[in-house]
Amino acid sequence: MWGFYFSELVRSLPFFIKGLWMTVAVSGLSLIMGTIIGFIWGIMRTSKNKVLRYLIGAWVDLIRGTPFLVQVFIVFFILPGIGIELEAFPAAVIALTNLAACFICEIVAGGILAVSSGQREAATASGLSAYQQLRYIILPQALRTILPPLVGQYVLLVKDSSVVSAIGVVDVTRVGWLTVQRIPEGIMVFGLVGILYFVICYPLINLSNTLERRMTVAATKL
Amino acid sequence: MLETFNFRVILEYMPLYMQCFAATLWLSAVSLIGALSVGIIACAMRLSAFRVVSSISGVYIESIRSTPLLAQLYFFYFGLPSLGIMLPEWVTGVFALTLNSGAYYAEIVRSGIQAIPNGQIEAGIASGLNYFQRMRYIILPQALGMTIRPMLGQAIVLVKDSSLLSLISIMELTRAGQLLTSDRFMPAEGFLTTAAFYLIIYYMLKGFSSWSEKRLIFREAH
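**Q** How would you sum up helix H4 (residues 69-82) of chain B? Please name residues and give values.
**A** All names here are of chain B. Along its 14 residues, H4 runs 20 Å from first to last C-alpha, staying within 8% of the 20 Å computed at 1.5 Å per residue. With respect to burial, H4 is a largely interior element, 11 of its 14 residues being buried. When we look at burial in H4, the residues that qualify are Leu69, Leu70, Ala71, Gln72, Leu73, Tyr74, Phe75, Phe76, Tyr77, Phe78 and Gly79. Two residues or fewer after H4 comes Gly84, characterised by a positive phi angle close to 85°.

**Q** Can you break down the packing of helix H6 (residues 117-125) of chain A against helix H7 (residues 130-160) of chain A residue by residue, with the values?
**A** Residue and element names in this part refer to chain A. Where H6 meets H7, the closest approach of the two axes is 10 Å, and the angle between their N-to-C directions is 165°. Between H6 and H7, the angle is such that the two are roughly antiparallel. The interaxial crossing formed by H6 with H7 has right-handed handedness. The segment H6 lies against H7, with Gln119, Arg120 and Ala123 engaging Gln133, Ile137, Ile138 and Gln141. Considered class by class, the residues forming the contact of H6 with H7 number 3 nonpolar, 3 polar and 1 charged.

**Q** Could you give me a rundown of the environment of Leu29(A), with the residues and numbers involved?
**A** Residue and element names in this part refer to chain A. Considering the arrangement of structural elements, one finds Leu29 in helix H2 (residues 13-45). On the basis of neighbour counts, which here come to 16 C-beta atoms within 10 Å, the residue Leu29 falls in the partly exposed class. Each C-alpha atom of the pair Leu29 and Phe15 lies 21 Å from the other, and the pair is 14 residues apart in sequence.

**Q** An account of the packing of helix H2 (residues 14-46) of chain B against helix H7 (residues 131-161) of chain B is requested, with residue identities and associated values reported.
**A** All names here are of chain B. Contact pair H2 / H7: the axes reach a minimum separation of 9 Å and the direction vectors enclose 130°. What the angle tells us is that H2 and H7 run oblique. Here the hand of the crossing between H2 and H7 comes out right-handed. Taken together, the residues of H7 that come into contact with H2 (itself represented by Thr24, Ser28, Ser31, Leu32 and Ala35) are Ala155, Leu158 and Val159.

**Q** Hey, could you go over helix H8 (residues 173-184) of chain B for me, with residue numbers and the actual values?
**A** All names here are of chain B. Between the first and last C-alpha of H8 there are 17 Å, a value that for 12 residues agrees with the 16 Å anticipated at 1.5 Å per step. Three or more residues of H8 are buried, namely Leu173, Thr174, Arg175, Ala176, Gly177, Gln178 and Leu180. Immediately beyond the C-terminal end of H8, within one or two residues, lies Phe185, with a positive phi of roughly 50°.

What counts as what
Residues numbered from 1 in each chain as written. Chains lettered and ligands numbered in written order. Predicted model: local features only at pLDDT ≥ 70, side-chain atom pairs only at ≥ 80, totals over all residues. Helix = DSSP H or I, 4+ residues; strand = E, 2+ residues; numbered from the N terminus. Expected span 1.5 Å × (residues − 1). Buried ≥ 20, exposed ≤ 12 C-beta atoms within 10 Å, placed from the backbone. Axes fitted to C-alpha atoms, helices over the stretch in contact; angles between N-to-C directions. Parallel < 35°, antiparallel > 145°, perpendicular 65-115°, else oblique. Left-handed = near helix turned anticlockwise from the far one by under 90°. Contact = placed C-beta atoms within 7 Å. Nonpolar A, V, L, I, M, F, W, Y, C, P; charged D, E, K, R; others polar.

Pasting the structure below:
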């Protein structure tokens, strides 16, 4: 029986590859947009505008304090109630982008605050505008602290993308769930699902570790 | 949306929510205790001088960290029965949560232990302290102080992750929201109430985290 299930599983491999593409599409899109929004929010979070700082901080807290599954349900089930009809895919991308933006915002804000205040003062004294300070002094130095946890966050987000299978996005996890109804060998089916996630996540984890080592070395050289 | 927001229904479902709130709390608490124990054991194994022991723990930690919790949950939920092991859903859920968070706790504990400079351990050996005395009086007090924040952070993640248990039909907070959605078709009332309950836990843990930073005095190494 085991051999039969195994060959069945091999035959449904194209289905799994399709699911893998869906996972890559959902998380890739959300990561790109989330990084852009996260950087903007992170810069705003460290700005002098108190209201802005407070608003972003409160929003980030709300998102960090609730499970992603609940957020996905809220986007998918509640937005139609206020007139925004969404398919599962855009709903998933919106929810994941927002989650990514919130986590990246915290990382970026932390990185900016870690740049010593003397640098900012020196930049002001040299007559650089606020934009020039950010572009040439603050961000290049902050990136050193931001990059390793940013890549680490990407791993978490790729994994979080599995949750969107709950609203019917046919990603790897959903494919596994559908397959296991037909091939009742959970270990085999979800072992394969695990391997597919591992293929994406493990190199990213290693990249994050390498960046961390490199950046620490670079910082001590400075 | 707010005009039609039905507080009466929420009140009507409040007993269910309280019951589910309690369920989320104890499911998380049991998993947290389990995860801490698994984490400490896995970390001790990871730091072991025996190659085999340390690589077993390494494989466990890496494979958990590179795959999503939902895939792990389905792995056990669909996989254990095919091995002939029949467990109630909540046991499977707690088991998966425990193993998942255990891997993260192992990494947190390890980073805490490895942050202690080698000289202190050598000094401990030179003063004639045995392994357990070194652990008890030198390493653990410092490591705990350094890791209390990431540990509470992981506890927050664990509580949020417990929402995935609703997908294998365990009664907890997210499931209550799903019930309200399917019984009355009131997703806004259902999921926003669910989110509010999670926020209560989040703010409590977050408050405890900043309190512990101020109040719990762990002497730093000089």
